[in-house]
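Fold and contact review
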Amino acid sequence: MQIINDPAEMQKIAEKLRLQHQYIGVVMTMGALHEGHLNLVKLAKAHAGTVIMTIFVNPTQFGPDEDFHRYPRPFEQDAALARAAGVDYLFAPSAEAIYPEGYATMIDPGPIATRFEGASRPGHFSGVATVVVKLLGITRPHLAVFGEKDAQQLTVIRRVVADLNIAVTILGAPVTRESDGLATSSRNIYLSSDERQQATVLYRAIQLAGREITAGRRELDTIAAEAEALVRTEPDAEPDYLSFVDEATFEPITQATPGKACRLVMAVRIGKTRLIDNWRFECT
């Protein structure tokens, strides 16, 4: 595995790979790799002959009171995991390389980016969209794999790629979960042992919603309220939002439509740690 820090060097390598008719897949991460990231690599390797991983803690997607400065950065461990997973190139630029002095261009992803995560974290999706477009331009992939745990992010990226006519296939990977249902996340390490146990309430809320939908209930706003009430039974859990949404627009949905899918999305603070999760439901 080759480690590259310079964007221009990465671009030259990617262009050479393309001239050699290599099909390139990219997995974009902020490091602190876990099983979920490695599953993204497996999916990329199943479709692409060459896999590039990016590790970049992107400052433009963090708010002023968020955890940018304490976000875990175990680079040597990450590099070892990437190498063992079969990554061919690891692109790990500095913030100065991605946003040089005088940088001023940011992407506005439109209405999708103003709801839920966008409302809770103003500017977040502008930062995400901007860095993803820049990394696509640097790594020149045919395929980019993103996790469905960040469901709204995935929708935003698909919208931006379509709107800007970027020739790349965006592939979503299923959420990777621990044995008790908690979605894997780099931020799980912030949780104390007691908070870690309380965090399972996110998955229990999903299970509750699933039981009600399977039983034939159609009042999604009522089911969401019941799931939120369950979350609030944990002493350190404070929901930011919990709602059913249309997958394509992330508009809230209050009633289920038979034959149409919907997604339950949530963000919950467990103590000082903010966790997100979601689940796609088919309504029969």
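See above for the structure.
Below or above, wherever it landed, is the structure these notes cover.

About the thresholds
Residues numbered from 1 in each chain as written. Predicted model: local features only at pLDDT ≥ 70, side-chain atom pairs only at ≥ 80, totals over all residues. Heavy atoms only, no water. Pairing = 2+ DSSP bridges. Helix = DSSP H or I, 4+ residues; strand = E, 2+ residues; numbered from the N terminus. Axes fitted to C-alpha atoms, helices over the stretch in contact; angles between N-to-C directions. Contact = heavy atoms within 4.5 Å. Parallel < 35°, antiparallel > 145°, perpendicular 65-115°, else oblique. Left-handed = near helix turned anticlockwise from the far one by under 90°. Nonpolar A, V, L, I, M, F, W, Y, C, P; charged D, E, K, R; others polar. Expected span 1.5 Å × (residues − 1). Buried < 20%, exposed > 50% of the residue type's maximum accessible area, 1.4 Å probe, protein only.

Glancing now at the sheet that holds strand S1 (residues 2–4). Pairing is parallel across the open sheet formed by six strands, whose spatial order is S1-S4-S3-S2-S5-S6. The sheet is open, and its two borders are formed by S1 and strand S6 (169–173), each paired with just one other strand. For this sheet the average axis-to-axis angle between neighbouring strands, irrespective of direction, equals 25°. Across three bridges, strand S2 (residues 24–29) lies against strand S5 (residues 143–147) in parallel orientation. Counted as the bridge partner of Val 26 is Ala 144 from S5. Running at roughly 145° to S2, helix H6 (residues 124–139) makes contact with S2, strand S3 (50–55), strand S4 (89–91) and S5 of the sheet. Helix H7 (residues 151–163) contacts S5 and S6 of the sheet and is inclined by roughly 170° relative to S6.

At a minimum axis separation of 10 Å, H6 and H7 run at an interaxial angle of 55°. Looking at the two axes, H6 sits oblique to H7. The interaxial crossing formed by H6 with H7 has right-handed handedness. Between H6 and H7, the residues in contact are Phe 125, Val 128, Ala 129, Val 132, Val 133 and Leu 136 and Gln 152, Gln 153, Val 156, Ile 157, Val 160 and Val 161, respectively. Considered class by class, the residues forming the contact of H6 with H7 number 10 nonpolar, two polar and no charged.

The subject of this paragraph is helix H9 (residues 201–214). Taking 1.5 Å per residue, 14 residues should reach 20 Å; H9 reaches 20 Å between its end C-alpha atoms and fits that length. Residues of H9 that are buried include every one of Val 201, Leu 202, Ala 205, Ile 206, Leu 208, Ala 209, Gly 210 and Ile 213, and no others. Gly 216 lies just past H9 and shows a positive phi near 100°.

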